[in-house]
Amino acid sequence: MKCISKRILSGLLSLCLLSLSLTGCGKEEALEQPFDLYEVTGSQEEVPASKQKIEYLGAGNCQVPTEDILLKGPDTGSVKAAGAFNLTTGETEYAYQALEKIYPASTTKVLTAYLVIKKGKLKDKVTISREAVMLPQGASRAGLNEGDEVTVEGLLYGLMMVSGNDAAKALAEYVSGSVEDFAALMNEEAKKMGATHSHFVNPHGIHDEDHYTTVYDMYLLFQKACTSKTFRKIIKTPKKTIVIHRAGGYDKDMTYETTNRFLLNTTKYPKVYKILGGKSGTTYNAGKCFVLLTENKKKQRHIFITMGGETGGKMFSFMNQMMKAVSRKDKK
């Protein structure tokens, strides 16, 4: 499925203009689109592949998969939804329930990190509040205590590498003053990206019935985040030591190791791909989730997404199968 053409874009623009003329106002509510029409972001110009210089995006978004696009190999019985998007050719190469509502778990932190990088300054220092460290039992943490002082950059590594929910709340407070106001910012930004079938109530992904997305929306969010060099640097880092200035007045070195088993080479993957980074997530309701950025030997970049895996092993196995199936397709 190729990227949306200028003719289709023109049609969508005309539809929006007609909607405005009928409503007589420019409110966002008047621009609501049906489920199978996602807002197009990125460049709208058709550029020959040989002249494209956009590092991580093609000429626009990959087309919305209005039906499943299945390939021989992946066993969909072990996941709830999945997708594979070729950022270089603009093709949606695999899709399984890619428009169905799912819970994102900690893949939520992709949008959190993007907004913090966009709105904040890496060298700013953040004092950890009592609220930031108040988390449900068993929630993943970045090792923060109330009163600690950490740079925004350090918190971003804790957020993305070990999925620290304490780091997520601290960063949300840093940007917006509160988790609630940051969630409003997340929803506003997601809508701008075209992720119109997502809703967020927190910056970390701890389960809430009103906190959801779709595989296609997650592709849009991750694609946008990957335009940031800082974001790409963080998600491809296997191990990082940051400094936490403890409330007691001393410095503590904290070493994080990524949860991306492909990046650590502890789980096999097709060697036709280079792993450029990703983000995992898990809750009881969401299952095992993973978003991944890769580059193949043709220098084509893909985003692979798996949501709702029954177990970590099955999730990584499915991701491996999907990557293999796409690589076989790309050889043809």
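Heads up: the structure comes first, above all this text.
Conventions and cut-offs
Residues numbered from 1 in each chain as written. Predicted model: local features only at pLDDT ≥ 70, side-chain atom pairs only at ≥ 80, totals over all residues. Heavy atoms only, no water. Helix = DSSP H or I, 4+ residues; strand = E, 2+ residues; numbered from the N terminus. Expected span 1.5 Å × (residues − 1). Buried < 20%, exposed > 50% of the residue type's maximum accessible area, 1.4 Å probe, protein only. Contact = heavy atoms within 4.5 Å. Phe/Tyr/Trp six-rings, centres within 6.5 Å; stacked < 30°, edge-to-face > 60°. Pairing = 2+ DSSP bridges. Patch = residues over 30% accessible without salt bridge, like charges linked within 9 Å, V, L, I, M, F, W, Y side chains within 5 Å. Areas by Shrake-Rupley, 256 points an atom, 1.4 Å probe, with all protein chains shown as cover. Salt bridge = Lys/Arg side-chain N within 4 Å of Asp/Glu carboxyl O. Lys, Arg positive; Asp, Glu negative; His and termini not counted. Charge placed at Lys NZ, Arg CZ, Asp CG, Glu CD. Polar contact = N/O pair within 3.5 Å; in protein donor to acceptor, adjacent residues only side chain to side chain. Axes fitted to C-alpha atoms, helices over the stretch in contact; angles between N-to-C directions. Parallel < 35°, antiparallel > 145°, perpendicular 65-115°, else oblique. Left-handed = near helix turned anticlockwise from the far one by under 90°.

Side note on helix H8 (residues 312–331)
Note that an α-helix has 3.6 residues per turn; residues three or four places apart therefore point the same way. The first and last C-alpha atoms of H8 sit 29 Å apart over 20 residues, in line with the 28 Å expected at 1.5 Å per residue. Residues Gly312, Met315, Phe316, Phe318, Met319, Asn320, Met322, Met323, Ala325, Val326, Ser327 and Asp330 constitute the buried set of H8. Tucked inside the fold, the buried residues of H8 contact strand S1 (81–86), strand S2 (91–96), strand S7 (273–283), strand S8 (287–296) and strand S9 (301–309).

Looking at the packing of aromatic side chains
Inspection of the entire model under this criterion finds 10 aromatic pairs. Pairing Phe262 with Phe290 gives two aromatic rings, centres 5.9 Å apart and planes at 50 degrees, and the pair type is tilted. Here Phe262 is found in the loop between strand S6 (251–257) and S7, whereas its partner Phe290 is found in strand S8, with 28 residues between them in sequence. With a relative accessible area of 0%, Phe290 lands in the buried category.

Structural notes on the pairing of S2
Of all the 6 residues making up S2, 6 are buried; the element is thus mostly covered by neighbouring parts of the structure. Inspection of the sheet shows S1 paired to S2 by 5 bridges, in the antiparallel sense. Paired with Asn86 across the strands is Glu91, a residue of S2. The hairpin formed by S1 and S2 contains 4 residues between the paired strands, and Gly90 there has a positive phi angle of roughly 80 degrees.

Some details on a positive patch on the surface
A contiguous patch of positive charge, built from Lys72, Lys268, Lys297, Lys324, Arg328, Lys331 and Lys332, is present on the exposed surface. If you trace the backbone, Lys332 turns up in the segment after H8.

Here's the deal with the environment of Glu146
By the secondary structure assignment, Glu146 is in the loop between strand S3 (125–127) and strand S4 (149–151). Taking the C-alpha atoms as reference, Glu146 lies 8.7 Å from Arg246; in sequence the two are 100 residues apart. Look past the residues within four positions of Glu146 in its chain and what remains in contact with it is Ile128, Ser129, Arg130, Val133 and Ala247.

Side note on the side chain of Thr214
In this fold, Thr214 is placed in the loop between helix H5 (179–193) and helix H6 (215–225). Side-chain polar atoms of Thr214 contact the backbone nitrogen of Asp217, separated by 2.9 Å.

Observations regarding the sheet that holds S7
Across the sheet, 5 strands lie side by side as S2-S1-S9-S8-S7; this open sheet has antiparallel pairing. At either margin of the open sheet sits one strand with a lone partner, and together these are S2 and S7. For this sheet the average axis-to-axis angle between neighbouring strands, irrespective of direction, equals 10 degrees. The pairing of S7 with S8 spans 10 bridges and is antiparallel. Opposite Tyr273, over in S8, you have Asn296 as the bridge partner.

A closer look at unusual backbone geometry
At Ser163, a position not held by glycine, the phi torsion is positive, near 60 degrees. With respect to the helices and strands, the residue Ser163 is situated in the loop between helix H3 (152–161) and helix H4 (165–176). Positive phi, normally seen in glycine, also occurs at Lys299, with a value near 70 degrees. The residue Lys299 is located in the loop between S8 and S9 in this model.

As for the packing of H3 against H4
At their nearest, the axes of H3 and H4 sit 9 Å apart, and the two run at 140 degrees to each other. When the interaxial angle is binned, H3 and H4 end up oblique. Where H3 crosses over H4, the handedness of that crossing is left-handed. Residues Val152, Leu155, Leu156, Gly158 and Leu159 of H3 touch H4, and the partners they reach there are Ala167, Ala168, Ala170, Leu171 and Tyr174.

Remarks on helix H2 (residues 109–119)
For H2, the buried fraction is high: 9 of the 11 residues fall into the buried class. Of all the positions in H2, only Lys109, Val110, Leu111, Thr112, Ala113, Tyr114, Leu115, Val116 and Ile117 are classed as buried.

Description of the pairing of S6
Successive side chains on a regular strand alternate, one facing one side of the sheet and the next facing the other. Summarising the sheet, strand S5 (residues 239–245) and S6 pair through 7 bridges and their orientation is antiparallel. Looking at S6, one finds that Lys239 is bridged to Glu257. Connecting the antiparallel pair S5 and S6 is a turn made up of 5 residues, with Gly249 showing a positive phi of about 100 degrees.

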